[in-house]
Amino acid sequence: MKIVITCKGDTLEAPMDPRFGRAENFFVYDTDTKDFIVFSNEQNVQAAQGAGIQAGQNVAQLGAQAVITGNVGPKAFRVLDQAGLKVYLGQFGTVKEAIAAFEAGKLQPTSSANKDGHWM
């Protein structure tokens with residue numbers, strides 16, 4: 001299974017980025033092979049609007065089945081949900097800690113956004 005963790009670096013020791021739409025990077029981790037690759041979210045970090053929607057579309061195209069992040073807005077959540085991705089919210093120190101929590105079954109998927117939209 002491929003999971004995406006929002007992060008501020010490109011290693012397992014990188015700190016998680018609590019933002020989804022404006023996260024610095026997306027850490028794509030395969031729980032079966034333990035392989036990973038990191039994708040930059042640079043195009044959305046300074047976007048005037050629509051960062052969550054675009055980020056959600058990008059993550060869906062990466063072939064992930066789940067996302068671990070600190071916060072997600074309603075539009076991004078809708079895109080992820082429609083793409084069939086489960087969203088797990090949590091504040092962890094590093095990518096490695098987030099993966100460990102996921103693999104240990106300590107995370108529960110959310111059924112809604114936990115942040116209000118910027119333009120509501």
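Here, every reference points to the structure presented above.
Residues numbered from 1 in each chain as written. Predicted model: local features only at pLDDT ≥ 70, side-chain atom pairs only at ≥ 80, totals over all residues. Heavy atoms only, no water.

Novice: What is the right way to look at the environment of D30 in this model?
Specialist: As for its position among the elements, D30 is in strand β2 (residues 25–30). The exposure class of D30 is buried, given its relative accessible area of 17%. Along the chain, D30 and M1 lie 29 residues apart, while their C-alpha atoms are 5.5 Å from each other. Excluding residues that lie within four positions of it along the chain, D30 makes contacts with M1, K2 and D35. (Helix = DSSP H or I, 4+ residues; strand = E, 2+ residues; numbered from the N terminus. Buried < 20%, exposed > 50% of the residue type's maximum accessible area, 1.4 Å probe, protein only. Contact = heavy atoms within 4.5 Å.)

Novice: For this particular structure, what's the right way to read the side chain of N25?
Specialist: Structurally, the position occupied by N25 is in strand β2. Given a relative accessible area of 10%, N25 falls into the buried group. A polar atom in the side chain of N25 sits 3.4 Å from the side chain of E24. If we skip the residues at most four places from it in the chain, N25 touches I5, T6, C7, K8, G9, V38, F39, S40 and N41. (Polar contact = N/O pair within 3.5 Å; in protein donor to acceptor, adjacent residues only side chain to side chain.)

Novice: So what exactly am I meant to see when it comes to helix α3 (residues 74–82) here?
Specialist: In an α-helix there are 3.6 residues to a turn, and that puts residues three or four apart on one side. Taken together, the buried positions of α3 are occupied by P74, A76, F77, V79 and L80. Of the surrounding secondary structure, the elements contacted by the buried residues of α3 are α2 (51–61), β4 (66–69) and β5 (86–89). Of the residues trailing α3, G84 is marked for its positive phi of about 85°.

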